[in-house]
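Coordinate analysis (summary)
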Amino acid sequence: MNDHIPMSAAAVAAPAHALSEEAQPITDSRRRSHLAGPVSPGWVFAADRHGFDVIGRMRDKDHLVLCCRACNSPFAVRVSVVRDARPLCHACIRSRRAAAAAAVGANLVGPTPDDMRVGFFVLSCGHVVRRQYQSIERAAEVGFSIDCPTCREARYAEEARAFGWTLAGPAVDAPDGYRSYRHGCGHLQDISIGNMLWGDCSCAGCAATWSAKPSFIYMFAVDLPGLPVVKLGHSARPAKRLRHQLDIGRDVPTEILRVLPLASGHLTQREEKACHRIMHRNHPEMVVPKAVFGTAINTQGEIYHAAAAPLLHALMDAVALRHPYRRITIAQPGTSAVLPGEKIVRTKGKPKHPV
């Protein structure tokens, strides 16, 4: 690795003023030292090819002192680097990084002690951030600026206060783009940053909306021609969801395999999405793509092969253990699960739409 020796450009004209005694140019007296030695013409040629001049030997037989012709800064480098690779001038590299930082409104402080690819930068707001040098240079090329995490979170907190919420911190169980907010009633909830910006959110603890009302995670069986599948989703009225909203053909046999009640729509949606993430991560072979079932079911996803039913039951069991509410039994073969408040209308001995 090249060792950068900080010094002014003027000092290069007189290396003895800028370098330690070991790094001084070769003299007759120093040739008698065990550190002295001849400079191979091949090293001089290799250094010249990359834009450097050889000043002399230093440290030991394996190190040279080069001078960069671009910035007139000397630095130490291993002979093997000069001979077999391309020496790098750390003064030029720092100047390039500092210029990139200035272009995005920041000042380069220096490298981090644990990662040579990352540096400290002071932003215009006065906060210090860690960023990869490469990302700073890319941002400078396209004209972007650096976002300050501290100021950004303060802005999110101010936006939340305008609608009666308090920013509590990172999201508990949600992807990037969400934060955890506490409502005035004390309820803690993960909400999209974009929704909070416009106040397009409701409290699942006190608001009289779908997010606060009880809801269900459901599992449907849909016997498509040649493709039996199951669907996992959430709805306040699973039977209506199955028989009216999914646009499944009337000649396609369907069944509500299971419904799991939970305390709020917000909780239901969160747990249902978590189940899908687990299935996609651990059992991708069970996922049926939209291109396979096409328009037979009016949904963009959430469809799995029928063999995934035991896996989905296990996930729903885990949700029920985490959030006990009340149970609705799994429908047995030949029966249809009925939700509270629904009545089965029978035609020719077969259950039809609940009313």
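Up top you'll find the structure we're talking about.
Residues numbered from 1 in each chain as written. Predicted model: local features only at pLDDT ≥ 70, side-chain atom pairs only at ≥ 80, totals over all residues. Heavy atoms only, no water.

When helices and strands are counted, the protein chain shows 12 helices and 16 strands. Counting across all 355 residues of the protein chain, residues that qualify as buried make up 40%. For the protein chain, long-range pairs separated by at least 24 residues make up 46% of all intrachain contacts whose partners lie at least 6 apart in sequence. About 19600 Å² of surface is accessible on the protein chain, with carbon and sulfur atoms providing 55% of the total. (Helix = DSSP H or I, 4+ residues; strand = E, 2+ residues; numbered from the N terminus. Buried < 20%, exposed > 50% of the residue type's maximum accessible area, 1.4 Å probe, protein only. Contact = heavy atoms within 4.5 Å. Areas by Shrake-Rupley, 256 points an atom, 1.4 Å probe, with all protein chains shown as cover.)

Within a sheet, adjacent strands bond to each other through the backbone by hydrogen bonds, running parallel or antiparallel. Read from one edge to the other, the open sheet built from three strands follows the order β5-β6-β7, with strand pairing classed as antiparallel. Single-partner strands in this sheet number two, and they are β5 (106-111) and β7 (128-132). In this sheet, adjacent strand axes meet at a mean angle of 35° when their direction is disregarded. Note that strand β6 (residues 118-123) and β7 share five bridges and pair antiparallel. Its bridge partner being in β7, Phe 121 is matched across the sheet by Val 129. (Pairing = 2+ DSSP bridges. Axes fitted to C-alpha atoms, helices over the stretch in contact; angles between N-to-C directions.)

Ordered by their spatial adjacency, four strands build an open sheet running β13-β11-β12-β14, and the pairing between neighbours is antiparallel. Two strands in the sheet have a free side with no partner beyond their single neighbour: β13 (254-262) and β14 (303-305). Within the sheet, the average angular offset between the axes of one strand and its neighbour, ignoring direction, is 20°. When strand β12 (residues 227-235) meets β14, the two strands line up antiparallel, connected through three bridges.

This part takes up the nonpolar core. Formed by 21 residues in total, the largest nonpolar core has its most connected members in Ile 217, Met 219, Val 230, Leu 232, Met 279, Tyr 304 and Leu 312. Mapped onto this core, the elements with two or more residues apiece are β11 (215-224), β12, β13, α10 (265-282) and α12 (309-322). Not counting the four nearest positions on each side in its chain, Val 230 is found in contact with Met 219, Phe 220, Ala 221, Leu 257, Glu 302, Ile 303, Tyr 304, His 305, Ala 306, Ala 309 and Leu 312. Formed by 18 residues, the second largest nonpolar core is a distinct cluster that contains Tyr 218, Leu 227, Leu 246 and Phe 293. (Core = buried A, V, L, I, M, F, W, Y, C linked by side-chain atoms within 4.5 Å.)

The next subject is the side chain of Thr 112. Residue placement: Thr 112 occurs in the loop between β5 and β6. Polar side-chain contacts of Thr 112 include one of 3.3 Å to the side chain of Asp 114. A distance of 2.8 Å separates the side chain of Thr 112 from the backbone oxygen of Asp 115, its partner in a polar contact. In this structure Thr 112 touches Val 118, Gly 119, Phe 120 and Arg 130, once residues within four positions along its chain are discounted. (Polar contact = N/O pair within 3.5 Å; in protein donor to acceptor, adjacent residues only side chain to side chain.)

Across the interface, helix α5 (residues 90-103) lies against helix α6 (residues 133-142) with an axial gap of 8 Å and an inter-helix angle of 55°. Comparing their axes, α6 and α5 come out oblique. By crossing handedness, the relation of α5 to α6 is classed as left-handed. In this structure, α5 uses Arg 96, Arg 97, Ala 100, Ala 101 and Ala 103 to contact α6, whose residues at the interface are Tyr 133, Ile 136, Glu 137 and Ala 140. (Parallel < 35°, antiparallel > 145°, perpendicular 65-115°, else oblique. Left-handed = near helix turned anticlockwise from the far one by under 90°.)

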